[in-house]
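Close look at the chain arrangement
Listed below, chain by chain, are the residues.
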Amino acid sequence: MITYILPILSVVIGFLFVLIFKPKKKKNLKLLLAFSGAFLLGITIFEMLPEIFQHKNNTKSISLFIVFGILLQICLEFFSKGAEHGHVHIDKNNTQFPWMLFISLSLHSLIEGTPLNHHDNILLGIVIHKIPVVIILSTFFINSALSKIAIALFLSLFAIMTPLGTFLIAEFPNLSGYATHIMAMAVGIFLHISTTILFESSEGHKFNFAKLIIITIGLISAYFI
């Protein structure tokens, strides 16, 4: 049950954080995002990669799905404009529901939920990744011309997509038979997102000392958890 609750709770926490603290310092958000990216990268390398290649004879086909996941995420970012790693590029004066952003983020969240069944460490990595992204999304939405109903609808539907991915893999045998391949796609998505976060969290692609420490802590935390 916690596998379904925590991803939803991470969206709630991110939104409440914005309502209560109204964060304005982008530097602190970038550091939080850098930690989440490093932690997600560590979980992907230390947990997910060994699992998908374990006892698999045709490793090349698994690698192919990892590459497909990377390409899929690049395609999704064409519509989301990089919201998965902390970028929101929408006209603040636009009152229309951001359907393309919603669809791309939802598909991303659906896939990232597929490896969560019985994988607590991966669950923690996704939760830590989601919170800063939701903080950035919520900050933008609150300062935009979107109605409160539209914001609530977006975040509510977005929150259930990751648990939905977990549910589909757990309850539908036809899908569970391809769980390893879908997980490989998730690995490709996580590799692209986490590395993009690490590079984009730096000014001019130069890591300062604080970011280096934060990233190191994120990777070490992922290793020992």
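Described below are features of the structure shown in this document.

Thresholds, definitions, all that
Each chain carries its own residue numbering, running from 1 in the direction its sequence is written. This being a predicted model, a pLDDT of at least 70 is required before a residue's local features are given, and a value of 80 or more before pairs of side-chain atoms are given or counted; all residues contribute to the totals for chains, interfaces and linings. With hydrogens and water set aside, each side-chain value is computed from the structure's full complement of heavy atoms. The secondary structure listing takes helices from DSSP runs of H or I that are at least 4 residues long and strands from runs of E that are at least 2 residues long, numbered from the N terminus. To estimate the expected span of a helix, count its residues, drop one, and scale the result by 1.5 Å. Buried, partly exposed and exposed residues are distinguished by accessible area as a fraction of the type maximum, computed with a 1.4 Å probe on protein chains only: under 20%, between the cut-offs, and over 50%, respectively. The arc in question is the one traced by the directions running from the helix axis out to the C-beta atoms. Residue contacts are counted whenever heavy atoms from the two residues lie within 4.5 Å of one another. Here a salt bridge means any side-chain nitrogen of Lys or Arg lying within 4 Å of a carboxyl oxygen belonging to Asp or Glu. Computed over the protein atoms alone on a 1 Å grid, cavities are sets of points where a 1.4 Å probe fits but cannot get out and pockets are open sets with protein on both sides within 12 Å along at least five of seven lines; a residue lines them when it has an atom within 4 Å of a point. Grid points are joined across faces, edges and corners, and a volume is the space filled by probe spheres set on the points. Note on residue classes: Ala, Val, Leu, Ile, Met, Phe, Trp, Tyr, Cys and Pro are nonpolar, Asp, Glu, Lys and Arg are charged, and everything else, Gly too, is polar. Side-chain rings of Phe, Tyr and Trp, where Trp is taken by its six-membered ring, are said to pair if the distance between their centres is within 6.5 Å; with planes under 30 degrees apart they count as stacked, over 60 as edge-to-face, and otherwise as tilted. For the purposes of these results, a polar contact is taken to be a pair of N or O atoms within 3.5 Å, where, inside protein, one atom must be able to donate a hydrogen and its partner to accept one; residues adjacent in sequence count only when each atom of the pair is a side-chain atom. Helix axes use the C-alpha atoms of the stretch in contact, all axes being lines fitted to C-alpha atoms, and the angles between their N-to-C directions lie in the range 0 to 180 degrees. Under this scheme an angle from 65 to 115 degrees is roughly perpendicular, one under 35 degrees roughly parallel, and one over 145 degrees roughly antiparallel; angles in between are oblique.

1. Re helix H1 (residues 2–21)
Spanning 20 residues, H1 covers 27 Å between terminal C-alpha atoms, matching the ideal 28 Å at 1.5 Å per step. Within the sequence span of H1, burial applies to Thr3, Pro7, Ser10, Val11, Gly14 and Val18. Seen from one end, H1 has its buried residues packed into an arc of 110°, which puts them on one side. Turned more than 90 degrees off the buried face of H1, the exposed positions are Ile2 and Ile20. Check the buried side of H1 and you find it contacts helix H5 (120–142) and helix H6 (148–171). One or two residues past the end of H1 sits Lys22, with phi positive at roughly 45°.

2. Digging into the pattern of salt bridges
Here the structure, examined in full by the defined rule, presents 1 salt bridge. Residue Glu112 pairs with Lys130 through a salt bridge whose shortest N-O separation is 3.2 Å. Taken together, the residues span a long stretch of sequence, with Glu112 in helix H4 (residues 99–112) and Lys130 in helix H5 at a distance of 18 residues. With respect to burial, Glu112 and Lys130 carry one shared label: buried.

3. Some points on the environment of Lys27
With respect to the secondary-structure elements, Lys27 resides in helix H2 (residues 26–53). Of the residues examined, Lys27 reaches a relative accessible area of 56% and is grouped as exposed.

4. As for empty space enclosed by the protein
A complete count under the given rule lists 1 cavity of 30 Å³ or more for this structure. Put simply, the largest cavity is a space of about 60 Å³. Around the largest cavity sit Glu84, Leu105, His108, Ser109, Glu112, His129, Lys130, Val133, Val134 and Phe158, which together line it. Those elements that place two or more of their residues in the lining of the largest cavity are H4 and H5. Taken together, the residues of the lining of the largest cavity break down into 4 nonpolar, 3 polar and 3 charged.

5. Concerning the packing of aromatic side chains
By the definition in use, this model includes 14 aromatic pairs. Between Phe140 and Phe141, the ring centres sit 6.2 Å apart and the planes meet at 65°, which makes this aromatic pair edge-to-face. Connected via pairs of aromatic rings, a cluster forms that spans Phe97, Trp99, Phe102, Phe140, Phe141, Phe154 and Phe158.

6. Structural notes on the layout of surface pockets
Size it by volume and the second largest pocket reaches roughly 240 Å³. Considering the residues around the second largest pocket, the lining is formed by 15 residues, among which Phe15, Lys148, Ile151, Ala152 and Leu155 are closest to the centre. The set of elements that each furnish at least two residues to the lining of the second largest pocket consists of H1, H5 and H6. Tallying contributions element by element places H6 first for the lining of the second largest pocket, with 6 residues. The residue makeup of the lining of the second largest pocket, split by class, is 11 nonpolar, 3 polar and 1 charged.

7. Let's talk about the side chain of Thr162
Tracing the backbone through its elements, the reader meets Thr162 in helix H6. Judged by relative accessible area, Thr162 falls into the buried class, the value being 0%. Among the polar contacts made by the side chain of Thr162, one reaches the side chain of Lys130 at a distance of 3.3 Å. Leave out the neighbours within four places in its chain, and Thr162 touches Pro7, Ser109, Glu112, Gly113, Leu116 and Lys130.

8. Considerations on the packing of H4 against H5
At a minimum axis separation of 13 Å, H4 and H5 run at an interaxial angle of 170°. Judged by the inter-axis angle, H4 sits roughly antiparallel to H5. Contacts between H4 and H5 involve Leu101, Leu105, His108, Ser109 and Glu112 on the former and, on the latter, Ile126, His129, Lys130, Leu137 and Phe141. Here the contact of H4 with H5 is built from residues that sort into 5 nonpolar, 3 polar and 2 charged.

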